Amino acid sequence: MVSESHLSLTVTRDHHDSVLSCTATNPNQPLYSLTNASRLYVTYPPVARLELGRGLSAGDVNEGADVYFTCAVDAVPPPSAVHFYKQDTEVVSDRARGVLVTKDSLVLQRVTAAASGEYSCRADNTRGSDHSNRHALHVKFAPRCRWEQKRLLVSSGANVSVECAVDAHPPPTRFSWSLNTSQGVTLLEPDAAVRTSGGVSTMTRTTPSDLLQEELLCWASNEIGTTSKPCVTQLVAA
């Protein structure tokens, strides 16, 4: 006499690698039982998660530091490929630039401000693919002049507005100005003639009546440091 029992089970990824067993007993033979077991192999598409290296904070990375990301993937079968992206552009290994892509990791060596942006990863297997969460990387750096030197033609005795524009992260907390003439360099004290907004400081100056040429020098500072060279604006008599 043959007896059968059937089980209908809707499997999920949580059932993978679990053991399903069936035990048969006979009330006439209570001391004997028969058990059969099978280990479930459940395939499912990837779930990808981008993780920043231990001890790192995406908003607190200084220029020159090394940054690494890991793409953690839950998938059966294991992913056949893992790709990393900055914004929507794939990141590939470039040792000359300090960019290393391995099986599931992205390493950025000696990062510069250009490394700032949103990073993500994508994992593929035979069941499908998944694009991970995004990590925004903000590299901190000292202020840099958007132009090191510019030249303005101005009229003698005229009011002139001169901009000092820098790129910095975090934004600059202080600007200082100096005047360079044939008599030497003079530090200009902050006053109502200077307005600051974000990474731009604007000075309004009345040029001397006998102006031939003078230079306005500007420095900016944030918590990382100060501009290595001043931003220079030459005022030349028109």
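Residues numbered from 1 in each chain as written. Predicted model: local features only at pLDDT ≥ 70, side-chain atom pairs only at ≥ 80, totals over all residues. Heavy atoms only, no water.

Looking at an unreviewed UniProt entry, one finds the chain named Roundabout homolog 3-like and attributed to Hyalella azteca.

Caption draft 1: Looking closely at the state of the cysteines. Tallied over the full model, the rule gives 3 disulfides. Each sulfur of the disulfide joining Cys71 and Cys121 lies 2.1 Å from the other. Where Cys71 bonds to Cys121 through sulfur, the torsion about that S-S bond is close to 75°, and the disulfide is right-handed. Here Cys121 lies in strand S10 (residues 117-125) and Cys71 lies in strand S5 (residues 67-76), a separation of 50 residues in the sequence. Both residues of the pair, Cys71 and Cys121, belong to the buried class. Disulfide pairing is shown between Cys164 and Cys218; the S-S distance is 2.1 Å. A torsion of -85° about the S-S bond marks the disulfide between Cys164 and Cys218 as left-handed. With Cys164 in strand S15 (residues 159-169) and Cys218 in strand S20 (residues 213-221), this pair connects stretches of sequence that are 54 residues apart. A residue is classified by how much of its surface remains accessible, and Cys164, at 2% relative accessible area, is buried. Note on Cys218: relative accessible area 0%, which makes it buried. (Disulfide = S-S within 2.5 Å. Helix = DSSP H or I, 4+ residues; strand = E, 2+ residues; numbered from the N terminus. Buried < 20%, exposed > 50% of the residue type's maximum accessible area, 1.4 Å probe, protein only.)

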